[in-house]
Every structure is written in C-alpha cells, then in structure tokens.
Amino acid sequence: MHLTRNPELLDRLAAAYSLGTLRGGARRRFEQLARDHAQVRAAALLWQGRWSAFSEVQTPVQPDAAVWTRIANLLQAERQQTAQRRAGAATPQAGWQVQALSWWRGLALAGSLATVVAVSVGLWTHHGVQQRTQQQLSALHTELQTAQAALQAAPQIQYVAVLADGKAAASMLVTFDPRHNQLVLQRVSGFREAESHSLQLWALPPQGAPRSLGVVGEGRVAQLAVQETDVKAVPALAISLEPKGGVPSATGPTGPVLFTGALIRRDL
C-alpha cells in the first residue's frame, strides 16, 4: 500500500515517528519514504512541531513563601544570639548551649540558602531551556512553512501523454497539472516547424470532432492554460502543422497530423 495514498495512516505513522515510538525496521522504512516523498517529510515536520509545543505549557517553579519566612526567622535568631554573647550574661553551661544552638541554626540557615540557590538555578535553567525550545520551534515552523510552500508550488502531474510520429518515435511529452490548470509540452525530438507554420494541439474525444487546446510555442517547453474538464474524458491527443498562429477550433486540423498519443490518467 502506497503511504501517500492513505493520509490517515501517514498521519499516525508521522506522529509515532516524531514521538519516538516508531522503532526498528518500521522507523527505517518511514525515513526512506520521507527521503523520497515531500508529503511524508511535511507530515513528520508537522508532528515534530506539535510535540515540541508541549514544552511551552510547563509552568515556572516559584520558591515556597515559607522558605523566605524561615530564612528571616533564622537571621533574627542569629542576631539575638550574637547580642547575648556580647552582653556576657550567659553562664559557661549556657554559653555551651548557646554555641550548640548557634551551630545548629547556622547549619539550618546554610540548608535553607542551599534550597533557595537550587530553586533559583532550576528556574534559570528552565528559562534557558524554554528560550532554546522557542528558538527550535520558530526554526521548525519556518522549515514547515517552506516545505508547505514547496508542496503547493510543486506541479501535481495527473495526466501524461507521449506523442509520437508515424514511425513511433517520441516527439512531444505532454503533462497536465490540475492544481494549476496547466498543460506542459516538452519537445523530445529535433523537429522544428518553419517560421510560417505553427504546431497546434488537439484533444481527440471518443465522439465528435477534435477540439483545439492551443498553439504550441516555438521553445523547447511550452505551457497552455486549460481546464481539467478539457482533458478529463479525452483518450488521446494530436498535434497538427497549421498556418502561423493556428486555426479556429471549429474548423478542426487543416494541415497534416504529425504526432499522436494516448492521454493516460495516473492515480496520485
């Protein structure tokens, strides 16, 4: 089954690939398809952007208000203990107890300060990660827009014809792009009409007279603006040699028919 013809399966595989749950041979096959098909690459980029966006919903971590209250209380107790020592009112036993209490309070203060520092470092790190994530998302969004623009600009070839001469030698490659309503004719032989003549492209319907699709330019590649309805039910095309500028469609070909070929609809 061709993955590009099954949008639902493509979307599920792209989501699993971007999340990292698609592994082993399945992941390698998906990567190969992504290298070969722009539609698969675009689906993977889209899901990578969706998964990356989850990092933006993480809320910053704020220190608990009790931490600051505890620090203030410990500082106040430390100042009181220092004032008592200077007054010299404490006994040797009380001095030992005060010294021990000072040591434990200092240890608690150091622990509180370490907690604040850890939380601050965590907040700073989270902010840095958030900035890097935002930059990556911005770059990914730009890449996705570029890929989408390339997909929109790329021709969607739906009809193909190889027009050959009476000796079955290919002379003109014809493709139709329904997205842009455009026929593209590419000369693949050395035939060149005289300056007094023009090549004219005709649609050969199953019933009725040929219909003109336009006069082919003199360059190696020519483009004709047509609607899909002009070629949808047409089994074959032909090119005739006509006076300069071509002839009205109602008259049909007046000159020799040089090239003919079947118009084939290819499934996208």
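Here, every reference points to the structure presented above.
Residues numbered from 1 in each chain as written. Predicted model: local features only at pLDDT ≥ 70, side-chain atom pairs only at ≥ 80, totals over all residues. Heavy atoms only, no water.

K.L.:
Describe the environment of leucine 201, listing the residues and the values that go with them.
P.N.:
Assignment of secondary structure puts leucine 201 in strand β4 (residues 197–204). Remark: the alpha-carbon pair of leucine 201 and leucine 237, spanning 36 residues in sequence, is separated by 7.2 Å. Apart from the residues within four sequence positions on either side, leucine 201 is in contact with Leu163, Leu183, Leu185, Arg211, Ser212, Leu213, Gly214, Val216, Leu224, Leu237, Ala238 and Ile239. (Helix = DSSP H or I, 4+ residues; strand = E, 2+ residues; numbered from the N terminus. Contact = heavy atoms within 4.5 Å.)

K.L.:
Describe the packing of helix α1 (residues 7–19) against helix α2 (residues 24–36), listing the residues and the values that go with them.
P.N.:
Following both chains from N to C, one finds α1 and α2 inclined at 110 degrees, their axes separated by 11 Å at the closest point. Classified by the angle their axes make, α1 and α2 are roughly perpendicular. The element α1 and its partner α2 pack so that their crossing is left-handed. On α2, the residues touching Leu10, Leu13, Ala14 and Tyr17 of α1 are Arg27, Phe30 and Glu31. For the contact of α1 with α2, a count of residues per class yields five nonpolar, no polar and two charged. (Axes fitted to C-alpha atoms, helices over the stretch in contact; angles between N-to-C directions. Parallel < 35°, antiparallel > 145°, perpendicular 65-115°, else oblique. Left-handed = near helix turned anticlockwise from the far one by under 90°. Nonpolar A, V, L, I, M, F, W, Y, C, P; charged D, E, K, R; others polar.)

K.L.:
Account for unusual backbone geometry, with residues named and values stated.
P.N.:
Most peptide bonds take the trans form, and the phi angle of most residues other than glycine is negative. For alanine 168, which is not a glycine, the phi torsion comes out positive at approximately 65 degrees. In this fold, alanine 168 is placed in the loop between β1 (159–164) and β2 (170–177). Residue classification places alanine 168 among the exposed residues on the basis of a relative accessible area of 64%. Positive phi, close to 50 degrees, is recorded for asparagine 181, a residue that is not glycine. By relative accessible area, asparagine 181 is classed as partly exposed at 26%. (Buried < 20%, exposed > 50% of the residue type's maximum accessible area, 1.4 Å probe, protein only.)

K.L.:
Give me the sheet that holds strand β3 (residues 182–187): which residues, what numbers.
P.N.:
Strand order in the open sheet formed by eight strands is β5-β4-β7-β8-β1-β2-β3-β6, and the pairing between neighbours is antiparallel. Every other strand in the sheet has two partners, leaving β5 (211–216) and β6 (221–225) as the edge strands with one partner each. Sheet twist, expressed as the average angle between the axes of neighbouring strands with direction ignored, equals 25 degrees. (Pairing = 2+ DSSP bridges.)

K.L.:
Before we move on, can you summarise the environment of glutamate 218 with the specific residues and values?
P.N.:
As for its placement among the helices and strands, glutamate 218 is situated in the loop between β5 and β6. Sequence separation of glutamate 218 and glutamate 193 is 25 residues, and the distance between their C-alpha atoms is 8.2 Å. Beyond its immediate sequence surroundings of up to four residues, glutamate 218 is in contact with Arg187, Glu193 and Lys244. For glutamate 218, the side chain forms a polar contact with the side chain of lysine 244, separated by 2.5 Å. (Polar contact = N/O pair within 3.5 Å; in protein donor to acceptor, adjacent residues only side chain to side chain.)

K.L.:
Any details on the environment of threonine 254? Residues and values, ideally.
P.N.:
Mapped onto the fold, threonine 254 is located in the loop between β7 (236–243) and β8 (257–265). Residues threonine 254 and proline 243 lie 11 residues apart in sequence; the distance between their C-alpha atoms is 8.7 Å. Of note is the side chain of threonine 254, whose polar atom sits 2.3 Å from the side chain of glutamate 242.

The values are spatial; any link to function lies outside them.
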